[in-house]
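# Coordinate inspection notes
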Amino acid sequence: RRPVLYHLHEVSITPAPLRWFLVAIARLTAKQLIYVSDFHRKCLPIKQIPSCILYNTLDSEFAQQALNALPYQPRRAGSFRILMLASLRDYKGVPELLALAQQLLPYPDVTLHLVANDDALAIERYFADKTLPTNLTVYPRTNNPAQHYAQASLVLNLSRPDQWQETFGLTLLEAMAYGIPVVAPPIGGPVELISDGCQGFLVDCRDHQLLLQRVKQLIEDHALCMRMSAAARAQAAQFSAAAYATTLHAILTTVRSTGSTH
């Protein structure tokens, strides 16, 4: 007779019968549903069950690394470094990153860096029929993304809104903890982390001209980068492990005392 809570993270559950089964079990047994964003709650509604939002948090060790890192600078050693961390899937915006790199070739001090969530063999296969612009470097999967954030000037998330919608956007939050401006999709969980023009820009990657325009703004405007950096770091501080624990404790306390919460 103990209350059951579901902490939900996924939206794209396949095959469909599995999704139906899991949702049905949650509907029958859950006293409380916890979602990672309001967007996530709208994507996977389970009717008649009380629900709330508990945003993801930064790992405490990672957050401390970010605090101890050198202060953000748009250019380190004279280079503006654009970073993206993503799986090698077209819907993650890798073709858009290649196109952007090609457009930025006239900027000799701009480099692009893709940290793939794949091994070296998968990288070789994915790019076998593609031409890598000379200003783009691809790295295999890493357990230490902090080394890349510490050198980045700008972090991109170029997921295609019509094919993939982020329920939260943890890599964006990690970048913001380092005070790095971000460019993110104008839909899904990222819009709950980022205000357009404040911590970065919200851009549909399919709008190639707007994407290029926003990136060039940051490349060319040191003061804008610094303003966004300060806003990004302040926003990331709201997602600390302590804040997460406080919110979770409040949820559990309410459930134990009343059996439900809204």
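Here we summarise the structure given alongside this text. (Residues numbered from 1 in each chain as written. Predicted model: local features only at pLDDT ≥ 70, side-chain atom pairs only at ≥ 80, totals over all residues. Heavy atoms only, no water.)

## Remarks on the sheet that holds strand E3 (residues 51-53)
Strands sit in the order E1-E2-E3 across an open sheet of three strands; the sheet is parallel. Lying at the two open borders of the sheet, with one neighbouring strand each, are strand E1 (5-7) and E3. Each strand axis lies, on average, 20 degrees off the axis of its neighbour in the sheet, ignoring direction. (Pairing = 2+ DSSP bridges. Helix = DSSP H or I, 4+ residues; strand = E, 2+ residues; numbered from the N terminus. Axes fitted to C-alpha atoms, helices over the stretch in contact; angles between N-to-C directions.)

## Overview of a nonpolar patch on the surface
Judged by side-chain polarity, Leu18, Trp20, Phe21, Leu22, Ile25 and Leu28 come together as a nonpolar surface patch covering roughly 640 Å² of accessible area. Relative to the helices and strands, Phe21 is located in helix H1 (residues 16-29). (Patch = residues over 30% accessible without salt bridge, like charges linked within 9 Å, V, L, I, M, F, W, Y side chains within 5 Å. Areas by Shrake-Rupley, 256 points an atom, 1.4 Å probe, with all protein chains shown as cover. Salt bridge = Lys/Arg side-chain N within 4 Å of Asp/Glu carboxyl O.)

## A few points about the layout of surface pockets
Roughly 970 Å³ of internal volume is contained in the largest pocket. In terms of lining, the largest pocket is formed by 38 residues, of which the most central are Lys92, Trp164, Glu166, Leu170 and Thr171. If you list the elements that add at least two residues to the lining of the largest pocket, you get helix H2 (38-43), strand E4 (80-86), strand E5 (110-116) and helix H7 (170-177). Classifying every residue of the lining of the largest pocket gives 17 nonpolar, 15 polar and six charged. Counted as a void, the second largest pocket has a volume near 190 Å³. Lining of the second largest pocket is provided by Tyr6, Leu8, His9, Glu10, Ile13, Leu22, Val23, Ile25, Ala26, Leu44 and Ile46. In terms of residue count, the dominant contributor to the lining of the second largest pocket is H1 (four residues). When grouped by side-chain class, the residues that make up the lining of the second largest pocket number nine nonpolar, one polar and one charged. (1 Å grid on protein atoms, 1.4 Å probe; cavity = no way out; pocket = protein on both sides within 12 Å on 5 of 7 lines; lining within 4 Å. Points joined across faces, edges and corners; volume = space filled by probe spheres on them. Nonpolar A, V, L, I, M, F, W, Y, C, P; charged D, E, K, R; others polar.)

## Quick look at empty space enclosed by the protein
Tallying each qualifying case throughout the model produces one cavity of 30 Å³ or more. Lining the largest cavity are Arg81, Ile82, Leu83, His113, His148 and Ala152. Counting residues per element, the lining of the largest cavity draws most heavily on E4, which supplies three residues. Partitioning the lining of the largest cavity into residue classes produces three nonpolar, two polar and one charged.

## Notes on unusual backbone geometry
Most peptide bonds adopt trans geometry, and most residues besides glycine take a negative phi value. Cis peptide bonds are those with omega within 30 degrees of zero, and the linkage from Thr14 to Pro15 qualifies with 0 degrees. Summarising the element assignment, Pro15 is placed in the loop between E1 and H1. A positive phi is found at Gln48, a non-glycine position, where the angle reads about 70 degrees. Mapped onto the fold, Gln48 is located in the loop between H2 and E3. Judged by relative accessible area, Gln48 falls into the exposed class, the value being 78%. (Buried < 20%, exposed > 50% of the residue type's maximum accessible area, 1.4 Å probe, protein only.)

## Concerning the pattern of salt bridges
Working definition: two side chains of opposite charge can pair if their charged atoms are close together. Here the structure, examined in full by the defined rule, presents nine salt bridges. Between Arg75 and Asp109 there is a salt bridge whose closest N-O contact spans 2.8 Å. Here the residue Arg75 occupies a position in the loop between helix H3 (60-68) and E4, and Asp109 occupies one in the loop between helix H4 (94-103) and E5, the gap between them amounting to 34 residues. Residue classification places Arg75 among the partly exposed positions, given a relative accessible area of 32%. A salt bridge links Lys130 to Asp129; the shortest N-O distance between them is 3.3 Å. Take Lys130: its relative accessible area is 29%, and that puts it in the partly exposed class. On the accessibility criterion, Asp129 (65% relative accessible area) is exposed.

## A closer look at helix H9 (residues 222-236)
Helix length check: H9, at 15 residues, gives a terminal C-alpha distance of 21 Å against a target of 21 Å (1.5 Å per residue), a fit within 8%. Packing partners of the buried residues in H9 comprise E4, H7, strand E9 (200-202) and helix H8 (208-220). Measuring from the backbone nitrogen of Ala223 back to the side-chain oxygen at the start of H9 gives 3.2 Å, which picks out Asp221 as the cap. (Expected span 1.5 Å × (residues − 1). Contact = heavy atoms within 4.5 Å. Polar contact = N/O pair within 3.5 Å; in protein donor to acceptor, adjacent residues only side chain to side chain.)

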